[in-house]
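Understanding the architecture of this molecule
So you can see what is in the structure, the chains are spelled out below.
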Number of protein chains: 4
Amino acid sequence: MSLLADLLSTIFDRSTKATPNTKLDNRPIAKLILDLIGSRGEVRGMTLARQILDRYTAMSKAKKRDFFKYLATGLDIDPVDVRAALEAYEADPSRINYRSFMEVAEPARQELVRRLNQVPRATGSLVAMRQDLLELARTDASLSALDLDFRHLFSSWFNRGFLVLRPINWESPAHVLEKIIEYEAVHTIDSWSALRRRMQPPDRRCFAFFHPAMPDEPLIFVEVALTKGIPRSIQKILAEERDVLEEENADTAVFYSISNCQAGLAGISFGNLLIKQVVDDLSSQLLSLKTFVTLSPIPGFTQWLKVENLEDVATDERLPSLAAAYLIKAKRLDGSPLDPVARFHLGNGALVHAVHADANTSIKGQAQSRGVMVNYLYDLSTNAQNHEHFAGSFVIAASSDIKALAQAAEKLDT
Amino acid sequence: MSLLADLLSTIFDRSTKATPNTKLDNRPIAKLILDLIGSRGEVRGMTLARQILDRYTAMSKAKKRDFFKYLATGLDIDPVDVRAALEAYEADPSRINYRSFMEVAEPARQELVRRLNQVPRATGSLVAMRQDLLELARTDASLSALDLDFRHLFSSWFNRGFLVLRPINWESPAHVLEKIIEYEAVHTIDSWSALRRRMQPPDRRCFAFFHPAMPDEPLIFVEVALTKGIPRSIQKILAEERDVLEEENADTAVFYSISNCQAGLAGISFGNLLIKQVVDDLSSQLLSLKTFVTLSPIPGFTQWLKVENLEDVATDERLPSLAAAYLIKAKRLDGSPLDPVARFHLGNGALVHAVHADANTSIKGQAQSRGVMVNYLYDLSTNAQNHEHFAGSFVIAASSDIKALAQAAEKLDT
Amino acid sequence: MSLLADLLSTIFDRSTKATPNTKLDNRPIAKLILDLIGSRGEVRGMTLARQILDRYTAMSKAKKRDFFKYLATGLDIDPVDVRAALEAYEADPSRINYRSFMEVAEPARQELVRRLNQVPRATGSLVAMRQDLLELARTDASLSALDLDFRHLFSSWFNRGFLVLRPINWESPAHVLEKIIEYEAVHTIDSWSALRRRMQPPDRRCFAFFHPAMPDEPLIFVEVALTKGIPRSIQKILAEERDVLEEENADTAVFYSISNCQAGLAGISFGNLLIKQVVDDLSSQLLSLKTFVTLSPIPGFTQWLKVENLEDVATDERLPSLAAAYLIKAKRLDGSPLDPVARFHLGNGALVHAVHADANTSIKGQAQSRGVMVNYLYDLSTNAQNHEHFAGSFVIAASSDIKALAQAAEKLDT
Amino acid sequence: MSLLADLLSTIFDRSTKATPNTKLDNRPIAKLILDLIGSRGEVRGMTLARQILDRYTAMSKAKKRDFFKYLATGLDIDPVDVRAALEAYEADPSRINYRSFMEVAEPARQELVRRLNQVPRATGSLVAMRQDLLELARTDASLSALDLDFRHLFSSWFNRGFLVLRPINWESPAHVLEKIIEYEAVHTIDSWSALRRRMQPPDRRCFAFFHPAMPDEPLIFVEVALTKGIPRSIQKILAEERDVLEEENADTAVFYSISNCQAGLAGISFGNLLIKQVVDDLSSQLLSLKTFVTLSPIPGFTQWLKVENLEDVATDERLPSLAAAYLIKAKRLDGSPLDPVARFHLGNGALVHAVHADANTSIKGQAQSRGVMVNYLYDLSTNAQNHEHFAGSFVIAASSDIKALAQAAEKLDT
C-alpha cells in the first residue's frame, strides 16, 4: 500500500513540470498528426503529441471543428484496404494477414488518440477533447461516427479494473472538494458551509471513483446519509439544523445524490459499479447497517401526468398512487421504464420500495415530480435475480405496497 | 499528491479482499465467456469475469491451449459480417453503420479481455495469461495471430501516460526488492547483501516503471551508478569493496543494467522512455552530472568474430578495434545494426562513445564479447538528430575515437 | 519516507476509536489524580488518565479553577522534603540521593501532566487545558506559578526536533485550511474565496509547523508572496484582481503574515525557526529568489506619535521619517525596541530595510500606524552578525536609507 | 490521515539534507555547551547544538567519559542556589520565586540535552549518547546519577502519547526489516529467508512502536503467530515447512517473541502497552480470535533447579510440575516472582496458563529451562483484576492446572 501511495505521487511531480522548451513546429497540424502516427521513436512521438495537444487547446471552436473533420475523414478507414486485407485473412488466417487486417480495420485516429495520451496529463485533455466533440456533433452529424472511436478507447481506459474508489470528506483536499460543489447535479451545493454539512458529520458519507491518470478529478460520486429508518424527505436530510446520528445507531444508508462529473465520459457508465462497491464497503465497515436505499427524484413524473391528462386527477392524496403507477407501468417503446432514474436503479437490480409525497419541497422538486420522491431498495438477497429479470425482459421488481398503490391508480385511470 | 497517494491505497484494500462467496457456475467455460461478452450488467459481468479467471488459473497447460484455441477460432472476426458491415459503411458512412462495422471488425475476444479486466487484480492475471499464450504459440502457429489482440490491448493500457516512474532503493518494500533480484537479467544479483550494495549507497540509483493496476510489479527497471568519469569496467562498479562517491562529486551517470520484468508484456517497449525520463530527472536533481552513458554488453560480438573468421586475429590489443567495427559496420538485412543492444540505444538517439577491453571479466562477459564492453552516450544536444538519422536510414552516430578504431580494424580485415 | 507516512497514519486510527467502555470511576477527581500519579501499571494508568481528561473537559469554569487550585497547592513541591533530599545529596551525591532529590524537587503535577498525555489525542487536550489556565491566571495570581510547569513540559515536547514544517496550499485538507481562516491574525481571511486567493496561485505560498501528536492543528504559519521587487503595499498583495507572477520570474519572497495558532502554547516560540527554515527551503527550491523580506505592520507607531506629541508634525510626507525614527530609536526600559514586531524580526537577525507610506490603507492599518508599513530584510550574509549584536546589546541593524530617514526625523523633533 | 502522512514526510527531507557549511568553532566543547545553554536565539542555538553533536560523535571512548564527567559535575545543581531559591519560594510562593527555584533545581545538563535535540535527527543521536553513558556508568559510579537526567527526559519524550504502533510485514521497507533481524533477541533470525517466513505468511504478524522523530528505528516489536489452539512448541511455530493457516480459521494469537531495540532507552518500558494495543487491534480486526497467549521462555528455571538442588529430581515427566512451582512460588526478596519474564507478563495482568516440556529443543532452550516453555494468557475479562492484585501484593494468577502441577511439585520437594 505504501509503495503504491509512494509511486503514484510521481504522476503529480511529472505533471507539474513545465513543458520543456522544445522548438515550436510550425507545419500544419495535419502534418504533425501524420508524423506522430508514423513515428517510431517514443521520445520524438512525445514531443509531437505535446505540440498537437497544445495547439488543439488554443484553437477556436471553428478550428476545432476543422480538426475533428480531419479526423473523421482524413483518418478514417479505407474500405478498399479493409476489403483487401479481409480477403487475404479469409484465404489464409495467418498472423501476418491478421495483423494487416487489424491495422486497416481500425482507423488511424484511434492510434492518434493513443499516442496523444503519452504526454503527462493528456488523459484529462483527451476527455475534454471529447466533450468538445460531443458538443459539435450535436449540430453536425458528420462528426457523430467519430465519437465512437473516442468512446471505444475510453471504455478500455476507464475500465473498472483501473478505477479507484475513494471516500471524500472534510479532510479531503480543497481542490477536490470544490469539484464536488461544481459537479453536484441533483441537489445543488451553494457554499462551503453547505458542503461542510454534507462532508463532515459522521452520519454523512461521500464516495467517488477516480482514475490514476486524472487524480484530481472525480469521475462520479455518490452522497450517502446514514439514518435510522428509511427517510421520506430530502429537505430533512439536507437541513441545516438537525440532530447528528451516532454512526453505530444508523440502520440505513441512503444514497441521496449521484452525479457524473465528466461530460467527456458520457456513455461510459460507472454508476452501478459505484453503488455496488459502496454497499459492499459500508456493509463490511458498519455492521449495524441493514438497509441500503435511495431517495431519488422522479424526473419524468410531472411531464407524464400532463401527457396522460392526469393533472386534474393528481390531487395530493392521489400523487403517491400515480407515481407508483408511473414508475412501474409507464414504458418506452422498447419496453423499458419511461423514467430514466428508474431505468438506472432497476437496471442495477434494485426494486421500487416506496414513494413519498412532500418529499422534495424545492422548486425543482415541484416542477419535476410535484414533490414526490421514491426509494429504490438495494437488497443483496434479491439483487442478482431482479437484475436478471430486468435485463432479460424489463420485469420491474417492486414492493407489495408499491404494487398495491399502482393498482389503486388504475382505478383512477378509468 | 496526497490525495492520489490516498486514493490509490484503495486498490490494495480492494485487491486483498477475499473473493465473495458466489455460487460456482458449472457450465462450460465457453458458455460463461459468451455470457460475459453479452452481459449488460456490470455487476453480473464482474461475477462471470471472476469465475472465468479463477477457472483459467486452475487449468492445466493442455486446457489452457484449448482455451486459447477457442478464443482464436470461436471468437474470431466473421469475414461475412465484416464484409457486409463494410459495404453498408462504404455506401453510407453514418454513425450507425460505423458502429456496426466497429463491432464486427474487432474480434469478440478483445471485448472478452476488456471485461475480464474489471475484476480487481485482473490486469496482472491477464499479463500472465499472455505469457502462457506466448509460450504455447511458440509451438503452435494457430495461436500466433491471437497474440496480436492481447498486444493491441496492452499497448493501449500500458501507454506511457498511465505509467509511473519510481526510484527503488533500500527503503523500498521488501516484496518489491525481491522482484529486482528475480528480474535482474544482465548482471545477476545473488543475495540480499548483493542487492543492498546496489540499492543503498548514495552513488547507486535504481528506477522502475510501474502501472497503477499492478502496483507491486515493476515493469522495467534501470540500475545507475554515479561516478567520476566514464567507467571502463563493470566489475569495478559491482565490487564489494569500493569507495563510495559523494553524490555531489559525481559528474557521470552510468546506466549499467536495464531489465524487462514482465514476459507477458513482450513487444511493448518502455526502455527508451525510461532512460529519457531518468536522464531528465537526474539532471534536474543533481546539477553536477554532465555525462549520461551506459556500460553495455555486446552480446553478439564473439559470435560475429567466429562467423567472420576473425577469432585468430582478435588478439587482446585488437579487440577494441574489432568491437568498434562490429558495432558500426555489422548489419542485418534491413540495414540495422546486428547487435541487439546497439539497436536499442542507437534507436534512442544515443551514440557509440567508447569500447573497453577487460571490461567484463565474468564468464558470461568472456563468452559474449571476449570481455569487451561499450559506452553508449546519451547527449541531449545531439540526441534528437541522432534518433532521426537512425530512424530514417540507420545512420549510426559514433565518436571520432570509435570511428578511428573501426577504420583501423578494416586494415586488419584485409 | 513512505514508512513514516505509513506509520503515522496510525495516530489517526487510534485517535478516532471511541473510548472503550470502561466503568466510570465516581471517586473525587483528586483521588483519581493521586491514583494516577502513584500507579505502576501503564494500562491502568491510561484508564485513569482518560477519565480525568474526560471529567476535566466537562467541567464548568469554576470547577476548572478548583482543579487548577488543587494542582497548584495539593501537588506542589514540599520544601521540607526538598531540603532534606538536598542535604542528603550535598553530603553524598550518589545516584540514589540524586533520584530522591529529583523526585521531590519536581512537583507531582508535572508527572500528572505527563501521565495524562498517554491517552490518544491528549496532547491537544493538554494544550487546551493550559489555554484555560492562562485565562484563569490573568485574574488569579495564585495560579500563575502553576503555568510554569505546563510551559516547562511543553517546551520539551514542542522542541524543534519534534516539529514538522509543511507547505499549506489549495490541495491541503479542508479541515486544516479552515484553521488557517480561523487563526490568521494579521490580515483577516473572510471567506473561502479569499483563502483560495492566498493558497492557490503559484506566486503565493504558506508554510506551517505541525506536531505529530496534533496532526490536524497548525502551530504557527507564515504566508509568503513571490514578487518581482520589494512590495510597498499590502493591498496590492492581497488584491482580488492582480497579475499572477510565474514562479521563475520572482526574485523576492515576502513574508506578509505570521500567525501563532495555539493560545495554549503562548511563550513557546517557533517564529524565528519557521522563518529560517522557510528561507532555507525556498532558496534551495527557487534559485531565482534573491531577496527575503517582510511587509510588516508597525503596531505601536500611532500610539508613539501620540505619546511623543508628534501627531501634528506627522504630515504625509513626514510619516516615513518618523516611522524610521520610531523603529530604530524608540526603546523600552531594557534598551530593546519599543515595537513588538521589530523586536521579533531584529531578534532573528533581520534588518530594517525600508518604510512605506500608504502601504496599508485598511482601517486597522490606519489606526495602528497611519498606513505605514516596514520591510525587514532577511539577508543570510549579515543575519548571524546582526543577531549577535542585537542579542548582546540591542544594536539595531538598518539600511542607510532608514538611517538617513531617522536622522531627518530628528530635525523635526527639535 | 493523508495530511499527517504528508506532513511527516518532511522529517525525512529535512534529515537528509547535509549539514550546512558552517564555520567550525574551535573553542573547547565546554565553552560551546555553556554558550548553547545561555543562547537566546534559536538559530544560533541550532548551529551550536549541531557542532556539539558532531564533535561528540567523533570522540574516543575516553573523551566521551570526560564529556559525561563534565556534565555530571560541571552542569550539576548548585545546592547553595537551590537552598536560597527554596527559601525564597517557601517565604513567598510567587510565580517569580517558583521560576527561580525551577531554574536552579533542575541541572543545566537537562536544558543542554533539550537544546541538542533541536537539530534534525538529534533524538536518535541522544538515545545513542545515553547508550554510551550506560556502558561507561557500569564501571564508573560517578556517572550513574547523570543517567537519571537522560532517563527523565526520555520518559517525557517517549511518552505513550507520542508513540505510533505499526504493523511490520514483507511489504515494509528493507532498511526497517533489517533492523528486525538485528534486534530480534529471543529467537534469532539468521537470514532474509528466515525473516520472510516470519513476516510474509498471512498467519504471521509483527507490530512495533515507533517514535516520529526516529522513523526508521523500531523501539520495541512483538512477533505474533495466528494458530488453531494454544501451541506447545516454538520449533513448530518457526518450522520452515509448515501448513499456513487461513486467517479466518485462527482462534488464537500467540506472542512468541518480544524484543526491545534501543539500548539507549533502557528502563523506559513500552512492552505492556504494546501487548495491550496489539490485543485490542487484533481482536477488532479478526473476530475469530478468542485467545491471546504467549509462548514464553523461562530464563531462570535451570539455574533455580541447580540452586534448589532439584536437578536430580527433575526427570522429564517432572519438569512441568517443577516449572509450575518455579513460576508461582520462587520469589525475590521483595516478594515478586524470581523469573523476569514472569514478572513482566504477570505485571501486565496475564496469568500463568500452561507449561510444556520439549517446547524449545534449541541449545539455548535446553540451557535456560531444560526445554520447558510457558503460556501466559491475556484474558481481557480478568486482566485488570489480575493486574491490581499483582501490583498490590504480588498475587500470581494461574490456571487450576498450573496450581495443581505446582502442588504436585511440593510433594517432590519433601
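Conventions adopted
Residues numbered from 1 in each chain as written. Chains lettered and ligands numbered in written order. Predicted model: local features only at pLDDT ≥ 70, side-chain atom pairs only at ≥ 80, totals over all residues. Heavy atoms only, no water. Helix = DSSP H or I, 4+ residues; strand = E, 2+ residues; numbered from the N terminus. Contact = heavy atoms within 4.5 Å. Buried area = accessible area lost by both parts, 1.4 Å probe. Salt bridge = Lys/Arg side-chain N within 4 Å of Asp/Glu carboxyl O. Polar contact = N/O pair within 3.5 Å; in protein donor to acceptor, adjacent residues only side chain to side chain. Nonpolar A, V, L, I, M, F, W, Y, C, P; charged D, E, K, R; others polar. Pairing = 2+ DSSP bridges. Right-handed = clockwise from strand over helix to strand, strands pointing away. Least-squares fit on C-alpha atoms with pLDDT ≥ 70 in both. Domains from an automatic or database assignment. Buried < 20%, exposed > 50% of the residue type's maximum accessible area, 1.4 Å probe, protein only. Axes fitted to C-alpha atoms, helices over the stretch in contact; angles between N-to-C directions.

1. Section: the side chain of Asn 348 of chain C
Relative to the helices and strands, Asn 348 of chain C is located in the loop between helix H16 (340-347) and strand S6 (351-356). Among residues more than four places away in sequence, those in contact with Asn 348 of chain C are Asn 272, Ile 275, Tyr 378, Asn 383 and His 387 of chain C.

2. Quick look at the interface of chain A and chain B
With 80 residues of chain A in contact, the opposing surface of chain B contributes 79 residues. Interface area for chain A against chain B, summed over the two sides, is near 7,500 Å², with a carbon-plus-sulfur share of 63%. Our enumeration of links across chain A and chain B arrives at four salt bridges. Residue Asp 147 of chain B pairs with Arg 95 of chain A through a salt bridge whose shortest N-O separation is 3.6 Å. Connecting chain A to chain B are 18 residue pairs in polar contact (both at pLDDT 80 or more). By residue number, the principal contributor to the side of chain A that touches chain B is helix H1 (residues 2-16) of chain A, which donates 12 residues. In terms of residue class, the side of chain A that touches chain B is built from 37 nonpolar, 18 polar and 25 charged.

3. Some points on the pairing of strand S5 (residues 291-294) of chain D
Residue and element names in this part refer to chain D. Pairing geometry for strand S4 (residues 252-260) and S5, over four bridges, is parallel. Along S5, the bridge assignment pairs Val 254 with Val 293. Following the backbone out of S4, through helix H13 (residues 271-285) and into the adjacent parallel S5, one traces a crossover that is right-handed.

4. Some remarks on the relation of the copies chain A and chain B
Note on the chain copies: they are related by a rotation about an axis and a translation along it. Screw-axis analysis of chain A against chain B gives a translation of 0.0 Å along the axis, an RMSD of 0.1 Å, and a rotation angle of 180°. Overall, the copies show the geometry of a two-fold rotation axis. Here 99% of the contact residues of chain A are again contact residues in chain B; the copies associate through an equivalent surface.

5. Some words on the domain arrangement of chain A
Residue and element names in this part refer to chain A. With domains assigned, chain A is organised as domain 1 (20-158) and domain 2 (162-409). Distance from the C-alpha centre of domain 1 to the C-alpha centre of domain 2: 38 Å. Counting residues at the interface gives 13 residues for domain 1 and 15 residues for domain 2. A buried area of about 1,100 Å², summed over both sides, lies between domain 1 and domain 2, and 64% of it is on carbon and sulfur atoms. Among the residues of domain 1 in contact with domain 2, Val 127, Arg 130 and Phe 158 are the three that bury the most area, contributing 45% of the side total. Here domain 1 and domain 2 share one salt bridge between them. Where Asp 216 meets Arg 121, a salt bridge forms, and the shortest distance between an N and an O atom there is 3.6 Å. Our count for the domain 1 to domain 2 interface comes out at four residue pairs in polar contact (both at pLDDT 80 or more). Top element by residues in the side of domain 1 that touches domain 2 is helix H8 (residues 122-137). It accounts for six residues. For the side of domain 1 that touches domain 2, the class distribution of residues is five nonpolar, five polar and three charged.

6. Examining the environment of Ser 369 of chain A
All names here are of chain A. Secondary-structure assignment places Ser 369 in helix H17 (residues 363-369). For Ser 369, a relative accessible area of 2% gives the class buried. Considering only alpha carbons, one finds Ser 369 and Thr 302, 67 residues apart in sequence, at a separation of 4.8 Å. When near neighbours in sequence (up to four residues on either side) are disregarded, Ser 369 contacts Ile 298, Phe 301 and Thr 302. A distance of 2.8 Å separates the side chain of Ser 369 from the backbone oxygen of Val 372, its partner in a polar contact.

7. Observations regarding the sheet that holds strand S2 (residues 204-210) of chain D
All names here are of chain D. If you walk across this open sheet you meet the seven strands as S1-S2-S3-S4-S5-S7-S6, and the pairing is mixed. Across the chains shown, the open sheet's two edge strands, defined by having one partner strand only, are strand S1 (164-167) and strand S6 (351-356). Here the average twist between neighbouring strands, direction ignored, is 30°. Inspection of the sheet shows S1 paired to S2 by four bridges, in the antiparallel sense. Bridge pairing links Leu 165 to Phe 209 in S2.

8. A short note on the sheet that holds S6 of chain C
Residue and element names in this part refer to chain C. The strand order S1-S2-S3-S4-S5-S7-S6 describes an open sheet built from seven strands, whose pairing is mixed. Pairing within the sheet leaves two strands with one partner each, and these edge strands are strand S1 (164-167) and S6. Mean inter-strand twist for the sheet, computed between neighbouring axes without regard to direction, equals 30°.

9. Regarding the pattern of salt bridges
Residue and element names in this part refer to chain D. Applying the stated rule across the entire model yields 104 salt bridges over all chains. For the salt bridge of Asp 132 with Lys 64, the shortest nitrogen-to-oxygen distance reads 3.1 Å. You can see Asp 132 sitting in helix H8 (residues 122-138) and its partner Lys 64 sitting in helix H4 (residues 61-74), a full 68 residues away along the chain. One salt bridge connects Glu 111 with Arg 115, and the closest N-O pair in it is separated by 2.7 Å. On the criterion of helical spacing, the pair formed by Glu 111 and Arg 115 is a turn pair, its members being four residues apart in helix H7 (residues 108-116). Take Arg 115: its relative accessible area is 18%, and that puts it in the buried class.

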